[in-house]
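Architecture and fold: a report
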Amino acid sequence: MKFVIVCFLMFIFGCSAKNISVKLIAEIREIRSSITATGFLVEDSKGKVHLITVAHFCEAALATGSFIQLEYLDGDKYTAIAGKYVVRKIANGVDLCELAAFERANHHLKVLSLATDWRAKEPVTIDGSPWGYYPAVARGFLIGQQNGYLFGSGLVLPGNSGSPVVNSSGDVVGILAVGGGHIFGMVPFWEIEAFLNE
């Protein structure tokens with residue numbers, strides 16, 4: 001069954017060759033299950049590198065007393081920063097969470113930069129881990145802004161939460177926070193920048 005799902009995801013989304021995000025897993029011991037999300041490294045204006053994801057994933061891990069395990073999306077352990085994490089910081093009123101901060105280092109995983117603007121109909125790419133099974137890239141475009149979120153159109157699935165939404169220059173326009181079907185909402189780059197520079 002897992003093989004069929006992986007093949008389906010590869011067909012629908014395409015494989016991620018960019019290696020710009022990581023899979024995050026929180027084991028829930030009480031029900032012998034786990035929840036997954038996506039995270040990525042992004043650099044702030046002072047040159048510090050942050051491992052970030054969405055707050056709703058971090059809050060679920062905290063509520064169950066779970067550690068968060070970081071994995072490569074290609075299945076290999078990310079040796080430079082692999083391991084178990086606890087939540088370092090959750091944003092107030094915004095769906096953002098920081099798991100770690102590093103000095104700039106030569107990690108294998110690409111460190112992303114934040115965008116400085118956006119426009120409607122701009123093409124974007126979502127690099128994530130739908131259902132926690134396999135690295136996948138979904139393509140879409142930006143629609144507009146409402147209630148503090150940027151919205152886009154593109155196929156997103158559970159496990160994509162925390163995925164970087166990047167423009168054609170490879171800069172982060174937002175972090176995927178909500179979605180279903182073909183509409184998704186993201187915390188925009190200006191909120192991420194404010195959070196990282198607190």
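Residues numbered from 1 in each chain as written. Predicted model: local features only at pLDDT ≥ 70, side-chain atom pairs only at ≥ 80, totals over all residues. Heavy atoms only, no water.

Let's shift gears to the sheet that holds strand E10 (residues 149–153). Sheet architecture is closed into a barrel: 6 strands sit in the order E8-E9-E10-E13-E12-E11, paired in antiparallel fashion. Here the strands of the sheet are splayed against their neighbours by 45° on average, with no regard to which way each runs. Taken together, the 4 bridges between E10 and strand E13 (residues 183–188) define a ladder with antiparallel strand orientation. Looking at the pairing, Ser153 lines up with Ile183 of E13. Most of the contacts of helix H3 (residues 189–196) go to E13, to which it runs at about 35°, and overall it touches strand E9 (136–146), E10, strand E12 (172–180) and E13. (Pairing = 2+ DSSP bridges. Helix = DSSP H or I, 4+ residues; strand = E, 2+ residues; numbered from the N terminus. Axes fitted to C-alpha atoms, helices over the stretch in contact; angles between N-to-C directions. Contact = heavy atoms within 4.5 Å.)

This part is about the nonpolar core. Soluble globular proteins tend to pack their nonpolar side chains together in the buried interior. Counting 48 residues, the largest nonpolar core has Leu51, Phe57, Ile68, Leu99, Ile175, Phe184 and Ile192 as its most contacted members. It is E12 that contributes the most residues to this core, 5 residues altogether. Apart from the residues within four sequence positions on either side, Phe57 is in contact with Leu24, Ile25, Ala26, Ile35, Thr36, Ala37 and Ile68. (Core = buried A, V, L, I, M, F, W, Y, C linked by side-chain atoms within 4.5 Å. Buried < 20%, exposed > 50% of the residue type's maximum accessible area, 1.4 Å probe, protein only.)

Taken as a whole, this structure holds 2 salt bridges when the rule is applied. Between Glu98 and Arg88 there is a salt bridge, and its shortest N-O distance comes to 2.5 Å. A residue pair is termed long-range when its members are at least 10 positions apart, and Glu98 in strand E7 (residues 97–102) and Arg88 in the loop between strand E5 (83–85) and strand E6 (89–90) qualify at 10 residues. Looking at Glu98, the relative accessible area reads 1%, which means it is buried. Close ionic contact of Glu198 with Lys89 constitutes a salt bridge, the shortest N to O distance being 3.9 Å. Here Glu198, found in the segment after H3, pairs with Lys89, found in strand E6; they are 109 residues apart in sequence, far enough to count as distant. Assessed through its relative accessible area of 66%, Glu198 is described here as exposed. Exposure remark for Lys89: the relative accessible area of 21% places this residue in the partly exposed category. (Salt bridge = Lys/Arg side-chain N within 4 Å of Asp/Glu carboxyl O.)

With that settled, the discussion passes to the packing of aromatic side chains. A ring pair, where both rings are aromatic, is described by two values, the distance of the centres and the angle of the planes. Under the counting rule described, the total for this entry stands at 2 aromatic pairs. On the numbers, 6.2 Å between centres and 50° between planes, the contact of Tyr149 with Phe151 is tilted. On the basis of relative accessible area, Phe151 is assigned to the partly exposed category, the value being 25%. Seen in terms of ring centroids, Phe189 and Trp190 are 5.0 Å apart; in terms of plane orientation they differ by 85°. Their pairing is edge-to-face. On the basis of relative accessibility, which here comes to 30%, the residue Trp190 falls in the partly exposed class. The lysine or arginine in question, Lys89, covers the ring of Phe195, its NZ or CZ lying 4.6 Å from the ring centre. (Phe/Tyr/Trp six-rings, centres within 6.5 Å; stacked < 30°, edge-to-face > 60°. Lys NZ or Arg CZ within 6 Å of the ring centre and 35° of its normal.)

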